[in-house]
2 protein chains.
Amino acid sequence: MAAALAAVRAGEVDAALVPFENSIEGSVPATMDGLADGDPLLIAREVFLEPSFVLAARPGTTLAGVRSVASHPHALAQTARWLAATLPTLAPQTETSTAGAAEAVAAGRYDAAVCAPIAAQRYGLTALAEDIADHRGAVTRFVLVAPPGPLPEPTGNDKTSLVAVVADRTGALLEVLREFAARGISLTRIESRPTRERRWVYSFSLDCEGHVADARVGEALAALHRVCDDVRFLGSYPRADDRENRPVAGEATDAAFTDADEWLSRVRAGRL
Amino acid sequence: MAAALAAVRAGEVDAALVPFENSIEGSVPATMDGLADGDPLLIAREVFLEPSFVLAARPGTTLAGVRSVASHPHALAQTARWLAATLPTLAPQTETSTAGAAEAVAAGRYDAAVCAPIAAQRYGLTALAEDIADHRGAVTRFVLVAPPGPLPEPTGNDKTSLVAVVADRTGALLEVLREFAARGISLTRIESRPTRERRWVYSFSLDCEGHVADARVGEALAALHRVCDDVRFLGSYPRADDRENRPVAGEATDAAFTDADEWLSRVRAGRL
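This structure is a prediction, so every number in the text was calculated from the model and none was measured. (Residues numbered from 1 in each chain as written. Chains lettered and ligands numbered in written order. Predicted model: local features only at pLDDT ≥ 70, side-chain atom pairs only at ≥ 80, totals over all residues. Heavy atoms only, no water.)

**Q** Give me the overall build of chain A: which residues, what numbers.
**A** Secondary structure assignment for chain A yields nine helices and 13 strands. Counting only C-alpha atoms and orienting by the principal axes, one finds that chain A spans roughly 85 × 40 × 35 Å. Burial statistics for chain A: of 272 residues in total, 47% are counted as buried. A separation threshold of at least 6 residues defines the contact pool for chain A, and within that pool the share at least 24 residues apart is 77%. (Helix = DSSP H or I, 4+ residues; strand = E, 2+ residues; numbered from the N terminus. Buried < 20%, exposed > 50% of the residue type's maximum accessible area, 1.4 Å probe, protein only. Contact = heavy atoms within 4.5 Å.)

**Q** So what's going on with the pattern of salt bridges? Residues and values would help.
**A** Scanning all chains against the criterion turns up 34 salt bridges over all chains. Taking the shortest distance from any N to any O, the salt bridge between D207(B) and R189(B) comes out at 2.9 Å. With D207(B) in strand β12 (residues 201-209) and R189(B) in strand β11 (residues 187-194), this pair connects stretches of sequence that are 18 residues apart. Through salt bridges that share partners, E21(A), D33(A), E46(A), R141(A), K159(A), R189(A), E191(A), R193(A), D207(A), E209(A), R239(A) and D241(A) make up one connected network. (Salt bridge = Lys/Arg side-chain N within 4 Å of Asp/Glu carboxyl O.)

**Q** Let's hear about the side chain of R183(B): which residues, and what values?
**A** Tracing the backbone through its elements, the reader meets R183(B) in the loop between α7 (172-181) and β11. Ignoring any residue separated from it by four or fewer positions in sequence, one finds R183(B) in contact with R183(A), E219(A), R226(A), R216(B), E219(B), A220(B), A223(B), A252(B) and F257(B).

**Q** Explain the interface of chain A and chain B residue by residue, including any values.
**A** At the interface, 38 residues of chain A touch 38 residues of chain B. Between chain A and chain B, roughly 3100 Å² of surface is buried when both sides are summed, and carbon and sulfur atoms account for 65% of that area. Of all residues in chain A, the largest losses of buried area upon contact with chain B belong to R226(A), W263(A) and L272(A), amounting jointly to 24% of the total for that side. Linking chain A with chain B are two salt bridges. Here E219(B) and R183(A) are joined by a salt bridge, their closest N and O atoms 3.5 Å apart. Put simply, chain A and chain B have 11 residue pairs in polar contact (both at pLDDT 80 or more) between them. (Buried area = accessible area lost by both parts, 1.4 Å probe. Polar contact = N/O pair within 3.5 Å; in protein donor to acceptor, adjacent residues only side chain to side chain.)

**Q** Break down the side chain of D158(A) for me, with residues and values.
**A** Residue and element names in this part refer to chain A. Residue placement: D158 occurs in strand β10 (residues 158-167). For the buried D158, no salt bridge exists, and the shortest N-O distance to an oppositely charged side chain is 7.9 Å, to R216. At 2.7 Å, the side chain of D158 forms a polar contact with the backbone nitrogen of T155. In this view, D158 contacts E153, C208, E209, G210, H211, Y237, P238, R239 and N245; residues no more than four positions away in its chain are not counted. (Lys, Arg positive; Asp, Glu negative; His and termini not counted.)

**Q** Describe the packing of aromatic side chains, and please don't skip the residues or the numbers.
**A** Counting across every chain of the model gives zero aromatic pairs over all chains. Directly above the ring of F257(B) sits R226(A), whose terminal nitrogen or CZ lies 3.8 Å from the centroid. (Phe/Tyr/Trp six-rings, centres within 6.5 Å; stacked < 30°, edge-to-face > 60°. Lys NZ or Arg CZ within 6 Å of the ring centre and 35° of its normal.)

**Q** Quick one: what's the story with the state of the cysteines, residue by residue and with numbers?
**A** Per the counting criterion, the structure on display carries zero disulfides over all chains. C208(A) carries a free sulfur, and the closest cysteine sulfur to it, the one in C228(A), is 13 Å from it. (Disulfide = S-S within 2.5 Å.)

**Q** Just give me the short version of the relation of the copies chain A and chain B, but keep the residues and values in it.
**A** Overlaying chain A with chain B gives an RMSD of 0.1 Å, the required rotation being 180° about an axis along which the chain moves by 0.0 Å. Taken together, the turn and the small shift mark the pair as related by a two-fold rotation axis. Every residue of chain A has its C-alpha some distance from the rotation axis, and the shortest such distance is that of R178(A), at 4.1 Å. A high fraction, 100%, of the interface residues of chain A reappear at the interface in chain B, so the copies pair face to face through one surface. (Least-squares fit on C-alpha atoms with pLDDT ≥ 70 in both.)

**Q** Mind laying out the sheet that holds strand β6 (residues 93-94) of chain A, listing which residues take part and the relevant values?
**A** Residue and element names in this part refer to chain A. Across the sheet, which stays open at both edges, the five strands sit in the order β6-β5-β7-β4-β8 with mixed pairing between neighbours. Each of the sheet's edge strands pairs with one partner strand only, and the pair in question is β6 and β8 (126-129). Where strand β5 (residues 69-71) lies against strand β7 (residues 112-115), two bridges are found, and the strand directions are parallel. Opposite A70, over in β7, you have A113 as the bridge partner. (Pairing = 2+ DSSP bridges.)

**Q** Go over the sheet that holds strand β11 (residues 187-194) of chain A with me, naming the residues and quoting the values.
**A** All names here are of chain A. The strand order across the open sheet built from four strands is β11-β12-β10-β13, with neighbouring strands paired in antiparallel fashion. The strands lining the two open edges of the sheet, one partner per strand, are β11 and β13 (230-238). Adjacent strand axes in the sheet meet at a mean angle of 15° when their direction is disregarded. Contacts from helix α7 (residues 172-181) reach β10, β11 and β12 (201-209) within the one sheet, and its direction differs from that of β12 by about 20°. (Axes fitted to C-alpha atoms, helices over the stretch in contact; angles between N-to-C directions.)

**Q** Pulling in residues and values, what's your account of a nonpolar patch on the surface?
**A** The grouping of L173(A), L177(A) and I190(A) at the surface amounts to a nonpolar patch, some 210 Å² of accessible area in total. Tracing the backbone shows L173(A) in helix α7. (Patch = residues over 30% accessible without salt bridge, like charges linked within 9 Å, V, L, I, M, F, W, Y side chains within 5 Å. Areas by Shrake-Rupley, 256 points an atom, 1.4 Å probe, with all protein chains shown as cover.)

**Q** Lay out helix α2 (residues 29-36) of chain A with the relevant residues and their values.
**A** Of all the positions in α2(A), only T31(A), M32(A), D33(A), G34(A) and L35(A) are classed as buried. At the C-terminal side of α2(A), G38(A) shows a positive phi close to 85°.

This is the structure in structure tokens:
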């Protein structure tokens, strides 16, 4: 993940599709931290994929001949029962990515890798077993990350991602949540994470419903910008899971904000 | 009070100074309701006065000859102990204003009135006793009410008054308070009042620190306009008691709001 994000930041690639969270394992810390730190990047879209894992080895290897196996820890976690049942005497080794594990098998450093079928193909490996994930239906949410630029247009069913950094003080999380609740905005994910640079300063990584172009979302983010130590905007993009955003309450629509702004202008001018 | 407000609304007078609340008796319901209902009026300033009450009678009347006494209920309440000690056998009568009581004495309907020295003078009465208030230092807050027009300029030490009407639902008051707290605005007075037209619909009459021209106050009022059934703006005017507004927190200054708005514009344009 770090390499993919670095390649986007360096301009070597236009965008990278990186795993953001997994329905079994939760968030992917390397991606979270990779987006929160360093030069700003934008999430242009989200994609939900059901990963398919194979046990890949060099051609000619048999299952009985596998003496070592490697993969990314998430992939090992998602195939742990299958591995324990099939290769009970092996202690799997960890690599920084499933593709990296496949590459290491091709280079002869391990006998087998848990990886996606496409990685096996890419490194000239054959599948000793297919569909080896313990839980069928485990879904990984990927995000397409690109350099800053024009945001995707609002579709009416969007999500917005951001990281809010707040000092360690009583009620800090409540203050963050209040800015969303007061404007009728539902959160779809929130996670507190330590900030690596500063001890006792927390960051909240969160997704909310709506697009930053929506009045309610824009005002909430502007409020966080005032209240928090730092707010990093990660993107507004079409919602791609199979759920619809909650209906927007009457007082939280763009029309309600426009009406309130016009009323305020009249009040300030003394036209009651 | 109702007559004074009606005269302002009818354009018969330019403005009226009406009692708003009293440090002993609390708010003046007739003024509260008179401002909340009917054509909009604006509070242009507040004045704190220590009322001086006299017992006024027609020339020639002696204290021993007083057989009836009348005044406004607030004035009677503020002189109750003096009246009970001095005229123990009389049951005071109520009039709609202290000046009205003085006028009624002049017309011969009562022997004496509890009123301001100026009212006694105006109706040709003489003071049988002066400074008869039980509590010295009771202060009445008056407001100068005028037809809608340009607001007083912000002075940096202003108050804003309004009435917010909310349907009867759990958390309604909390929603109102949240809009102020989230923007670092202190309230100096709040009072729930029944709305006369609609049962089970409450109105909150309140004063907050700051001027509607301030970004934090303006945004809070616009939010109330969205969230409440109705918001009636009553005015922004210089604070005239002997207290200073609390210092404005860094995140609630106009500069912080401007900075947040500029940040939001950059985010919406994808310039991170």
